[in-house]
Amino acid sequence: YYGLLNDLALAMPMGIVSPNAFNEDLSTKDELLTQTFGTGPYMYAGDTDGTTYTFVRNPHYYGEAPDADEFKIKVITDMDAAALALRSGEIDLITGSSRLSADGYMEFSDAEGFGTVIDDNASSTRFIGFNVNKAPFSDANVRQAVAYAMDKDTLAESVFSGLETAADAFFSRDLPYCDVDTKTYDYNIETARTLLEQSGWVDSDGDGIREKDGVTLSVTLDYTTDFGALDNAALTIKQQLSKIGMDVTLRGSNNLTWYSYIFGDYDFSLHQTYGGFNDPYVIMTNMNPDLMSDPVLSQITYVVDDGKDLILELDTTGDFDRVQEIYNEILTANADQAVLVPLTYMNQYAAFNTKKVASFSF
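Residues numbered from 1 in each chain as written. Predicted model: local features only at pLDDT ≥ 70, side-chain atom pairs only at ≥ 80, totals over all residues. Heavy atoms only, no water.

Caption draft 1: Focus on the overall build of the protein chain. When you go through the protein chain residue by residue, the secondary structure sums to twelve helices and twelve strands. Compactness check: the protein chain gives a C-alpha radius of gyration of 23 Å against a globular reference of 21 Å for 362 residues, within 12% of the reference. With respect to the three principal axes, the spread of C-alpha positions in the protein chain is 75 × 55 × 35 Å. Evaluated residue by residue, the protein chain yields a buried proportion of 43% over its 362 residues. Of the contacts formed within the protein chain by residues at least 6 apart in sequence, a portion of 66% connects residues at least 24 apart. Surface accessibility of the protein chain: about 18600 Å² in total, with carbon and sulfur atoms responsible for 49%. Across the protein chain, 22 positive and 57 negative side-chain charges occur, with their mean positions spaced 4 Å apart. (Helix = DSSP H or I, 4+ residues; strand = E, 2+ residues; numbered from the N terminus. Rg over C-alpha atoms; globule rule 2.2 N^0.38 Å. Buried < 20%, exposed > 50% of the residue type's maximum accessible area, 1.4 Å probe, protein only. Contact = heavy atoms within 4.5 Å. Areas by Shrake-Rupley, 256 points an atom, 1.4 Å probe, with all protein chains shown as cover. Lys, Arg positive; Asp, Glu negative; His and termini not counted. Charge placed at Lys NZ, Arg CZ, Asp CG, Glu CD.)

Caption draft 2: Main features of the packing of aromatic side chains. Per the stated rule, a full pass over the model turns up 21 aromatic pairs. Ring plane angle 80 degrees and centroid distance 5.4 Å describe the contact between Tyr1 and Tyr2, whose orientation is recorded as edge-to-face. Connected via pairs of aromatic rings, a cluster forms that spans Tyr1, Tyr2, Tyr177, Tyr281 and Tyr327. Across from the ring centre of Tyr185, 5.1 Å away, lies the NZ or CZ of Lys183, which sits over that ring. Between Arg251 and the ring centre of Tyr261, over which it is positioned, the NZ or CZ distance is 3.7 Å. (Phe/Tyr/Trp six-rings, centres within 6.5 Å; stacked < 30°, edge-to-face > 60°. Lys NZ or Arg CZ within 6 Å of the ring centre and 35° of its normal.)

Caption draft 3: Representation of the sheet that holds strand S3 (residues 70-74) within the structure. Pairing within the open sheet is antiparallel, and its three strands lie in the order S1-S2-S3. Strands at the two margins of the open sheet, each flanked by one partner only, are strand S1 (42-48) and S3. Pairs of neighbouring strands in the sheet enclose a mean axial angle of 30 degrees, with direction left out of account. (Pairing = 2+ DSSP bridges. Axes fitted to C-alpha atoms, helices over the stretch in contact; angles between N-to-C directions.)

Caption draft 4: Highlighting helix H8 (residues 255-262). For H8, the full list of buried residues reads Asn255, Trp258 and Ile262. Each buried residue of H8 lies within a common arc of 60 degrees when the element is viewed along its axis, so the set occupies one face. In this structure, the buried residues of H8 make contact with strand S9 (218-224), strand S10 (247-253), strand S11 (268-272) and helix H10 (295-298). For H8, the side-chain oxygen to backbone nitrogen distance between the N-cap and Leu256 is 3.3 Å, and the N-cap itself is Asn254. (Arc of directions from axis to C-beta. Polar contact = N/O pair within 3.5 Å; in protein donor to acceptor, adjacent residues only side chain to side chain.)

Caption draft 5: Representation of the packing of helix H5 (residues 152-159) against helix H7 (residues 231-242). Relative to each other, H5 and H7 sit at 145 degrees, their axes nearing to 11 Å. Of the two possible hands of crossing, H5 and H7 adopt the one that is right-handed. On H7, the residues touching Thr154, Leu155 and Val159 of H5 are Asn232, Ala233, Thr236, Ile237 and Gln240. Of the residues assigned to the contact of H5 with H7, the class counts are four nonpolar, four polar and no charged. (Left-handed = near helix turned anticlockwise from the far one by under 90°. Nonpolar A, V, L, I, M, F, W, Y, C, P; charged D, E, K, R; others polar.)

Caption draft 6: Quick peek at unusual backbone geometry. A cis amide bond links Ala135 to the next residue, Pro136, at an omega of 5 degrees. Assignment of secondary structure puts Pro136 in the loop between strand S5 (114-130) and helix H4 (140-149). Look at the link from Asp279 to Pro280: it is a cis peptide, with omega at 0 degrees. As for its position among the elements, Pro280 is in the loop between S11 and helix H9 (281-285).

Caption draft 7: Examining the pattern of salt bridges more closely. By the definition in use, this model includes 16 salt bridges. Linking Arg251 and Asp222 is a salt bridge whose minimum nitrogen-to-oxygen distance equals 2.6 Å. With a gap of 29 residues between them, Arg251 in strand S10 and Asp222 in strand S9 connect regions that are remote in the sequence. A network of salt bridges, in which partner residues are shared, links Lys134, Asp265 and Asp267. (Salt bridge = Lys/Arg side-chain N within 4 Å of Asp/Glu carboxyl O.)

Caption draft 8: A look at the environment of Thr95. When you line up the elements, Thr95 lands in strand S4 (residues 93-95). Assessed through its relative accessible area of 37%, Thr95 is described here as partly exposed. Along the backbone, Thr95 and Met246 are 151 residues apart, and their C-alpha atoms lie at a distance of 37 Å. In contact with Thr95, not counting residues within four places along its chain, are Tyr349, Ala350 and Phe360.

Caption draft 9: Inspection of helix H11 (residues 307-314) at higher detail. Among all positions in H11, only Gly307, Leu310, Ile311 and Leu314 are buried. Buried residues of H11, seen end-on, are gathered within an arc of 95 degrees and therefore sit on one face of the element. Where H11 is buried, its residues touch H9 and helix H12 (320-337).

Right, here's the structure in full:
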C-alpha cells in the first residue's frame with residue numbers, strides 16, 4: 001500500500017500502539033477506552049471536569065524533558081466563546097481555522113498583547129460536492145454551471161478575510177501525486193447560464209428561478225456548523241447561484257446531523273478535505289463507496305469508468321508509476337465532470353497571549 005509510511009505518521013492514537021494495550025487474543029483491553037498508551041513527552045493526568053484536560057510531564061519519556069511542567073486543553077465548541085476566553089485570559093492559545101474565525105484572527109492581529117501567525121502552506125481545500133445520482137446534479141451541465149458561477153476570489157477575500165486563496169484544483173499541487181493539469185473553472189456567469197439553458201433550464205415566468213418540465217431549479221446546500229464559521233460562506237454561495245437562476249435553501253447543522261443528511265437524499269454540500277497527513281491518501285481511499293466513510297467523496301466513482309475498482313487498485317498496488325496514473329485519471333475526471341468543485345485553499349492560523357506564549361510555529 002503506497003500510503004503506509006504516511007499513515008504510520010498520522011497523529012492518531014491507533015497508528016502504532018503499545019502491545020500492552022492488547023489482550024493475548026489481540027482484542028483491545030478495556031483500558032484503551034479511557035487511557036492513551038503513548039510514548040510522548042507528556043501524559044494525560046487523568047482528571048477532568050468534562051471540558052478541561054490536564055497533561056503533565058511523562059517521567060518515562062526517553063528524550064529531553066519538556067520545558068513546561070504541565071498544560072491544559074480546554075474544549076470550547078463555540079468560536080465566539082473561545083475568542084472571549086482568549087481575550088479575558090482564561091486561555092492562552094487558540095490554534096486552527098476550525099476554532100477561530102477569520103474575523104477573529106484579524107481582530108487579534110490588531111489587538112495589543114496578542115500575537116498571530118498563519119501557516120505558509122495550504123492545509124486543506126474547501127469544496128462543493130454534488131449528489132450525482134439525483135437531479136438536477138446528475139446532469140454534468142448543471143454541475144459545471146455551478147462551478148462557473150462560483151466567484152472564488154470573493155469567497156477568499158470577503159468571507160475569509162484574505163486568509164484563504166482561490167483554489168483551481170481539488171488538491172494543492174504541492175501534495176504527493178497531485179501535480180496534475182486539470183480543467184479549471186474561472187468565474188463566468190454567462191457560461192454558467194448558457195450551460196443551464198442547454199440542459200433545458202429556463203426562466204419562463206420571469207421570477208428569477210429557472211424551471212424545466214414544470215420543476216423549479218430549487219436545491220438544498222448542506223454544511224456543518226462545527227468546523228468554522230461557514231454561515232457567511234454558504235450565504236455567499238446562495239447569492240452567487242441566484243444570479244444564474246438557481247434557488248438555494250441553506251441547511252447548516254452540527255457534524256452528526258450533517259452526516260445523517262449526506263448519507264441520505266441530499267443535493268449538494270459544502271465540504272473540505274481532511275488536511276494534514278490525510279491529504280491526499282485518506283481522501284482518495286474514502287472515495288470508495290463500499291467503505292461508507294464519506295458519501296460526498298464517493299460520488300466521483302459514479303462518473304469514472306470502473307471508479308471503485310481504480311480506488312481499490314490504488315490501495316493495493318506497489319507500483320508507484322501506476323499510483324500516479326490512477327491519480328491522473330481520478331483528478332482529471334473529477335475536474336472534467338465537476339463532481340467535487342474546489343473553492344478555496346485553507347491555511348491554518350493561531351492567536352495567542354504574548355504574555356504567556358512567546359511564539360508559535362506550524
